[in-house]
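# Observations on the model geometry
Listed below are the residues making up each chain.
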Amino acid sequence: MNLNGSIALFQYWNRLRRGRPAPRRTEVEPADIKTLLADTFILEKDTRGEAVFRLAGTRLCATYGRELKGFSFPSLWLEKDQRLVSRLMQGVFEQNSAVLISYEGRSRGGHSCRFELLALPLDGGAEHPRCLGVVSTAEKPFWLGADPIAEATIESIRVIEPDKEMAALTSRAAIAAPSLAPTELGYAKPTGTYGGARRVRHLVVLEGGREDE
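Residues numbered from 1 in each chain as written. Predicted model: local features only at pLDDT ≥ 70, side-chain atom pairs only at ≥ 80, totals over all residues. Heavy atoms only, no water.

It is worth spelling out the overall build of the protein chain at this point. Secondary structure summary: the protein chain contains four helices and nine strands in total. For the protein chain, the α and β elements follow one another from N to C terminus as α-β-β-α-α-β-β-β-β-α-β-β-β. The buried share of the protein chain, taken over its 213 residues, is 41%. Long-range pairs, those at least 24 residues apart, make up 57% of the contacts in the protein chain with a sequence separation of at least 6. Split by element, the accessible area of the protein chain, about 12600 Å² in all, is 51% carbon and sulfur. (Helix = DSSP H or I, 4+ residues; strand = E, 2+ residues; numbered from the N terminus. Buried < 20%, exposed > 50% of the residue type's maximum accessible area, 1.4 Å probe, protein only. Contact = heavy atoms within 4.5 Å. Areas by Shrake-Rupley, 256 points an atom, 1.4 Å probe, with all protein chains shown as cover.)

Below, the structure is given as structure tokens:
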């Protein structure tokens, strides 16, 4: 997983489960993930066994231009992908799978944007399985939320092994670049050289070697 929303929700979910296949749904505290709530959702099974939205955040509903509660989750995708999405959600409900889906969403007006969706199991008992998830995007196009997403095409799918994923995230954090100095108005400065470091887009590259005395 690459986007902050997915990473933050996964880490929270992983802390809650404490080595179990999934945390109980009653352990999830909205206040603990308040910065993610606008993009999060909870799925449940309907009487047909299909995944439907039990709850959906305000920004997520705006992205699709409607209230998603009670809406079929697989129907967000093109018909050719709906059966695959249904099977993936059954794996989350019944086998405690954690699933990461990268997809391209296309709006009614012909715009497109790439999204990352993370779906995580919640233990609601055999009769009430649940799924906690988040939809993130690296882009913030001007039209998103005003021109609803009308269809989506899957680009990649990954079934996550939580312990290995957590180890990978920990390793990535350990080698992360140093903190950057604040930039004016939140915009990164252009690529260039600053003293002993080079700025490349949003990263600072520190030159290697040592300074001779």
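Now that the structure has been shown, we can carry on.
On average, the protein chain scores 84 in pLDDT, and the residues at 70 or more come to 81%. Overall, residues 177-213 carries pLDDT values under 50, and its contacts beyond four positions in sequence, including any with other chains, amount to 32 contacts. (pLDDT = per-residue confidence, 0-100.)

Take Q90: it is sitting in helix α3 (residues 79-95). Sequence spacing of Q90 and G49 is 41 residues, and the spatial spacing of their C-alpha atoms is 8.5 Å. Apart from residues no more than four positions distant in its own chain, Q90 is found in contact with K45, G49 and Q95.

Bringing the sheet that holds strand β1 (residues 40-45) into the picture now. Reading across from one edge, β2-β1-β5-β4-β3-β6 is the order of the six strands in this open sheet, with antiparallel pairing throughout. This sheet does not close on itself; its edge strands, each paired only once, are β2 (51-56) and β6 (149-160). Within this sheet the neighbouring strands show an average axis-to-axis angle of 30°, counted without direction. Sheet topology note: the β1/β2 ladder contains five bridges and is antiparallel. From the neighbouring strand, F41 faces β2, where its bridge partner is A56. (Pairing = 2+ DSSP bridges. Axes fitted to C-alpha atoms, helices over the stretch in contact; angles between N-to-C directions.)

Looking now at α3. In a regular helix each residue adds 1.5 Å, so 17 residues correspond to 24 Å; α3 covers 24 Å between its end C-alpha atoms and thus fits that length. Looking at α3, one finds that the buried residues are D81, V85, L88, M89, G91, V92 and F93. Packing partners of the buried residues in α3 comprise β1, β2, β3 (98-107), β4 (112-122), β5 (130-136) and β6. Where α3 terminates, the next one or two residues include N96, which has phi positive at roughly 55°. (Expected span 1.5 Å × (residues − 1).)

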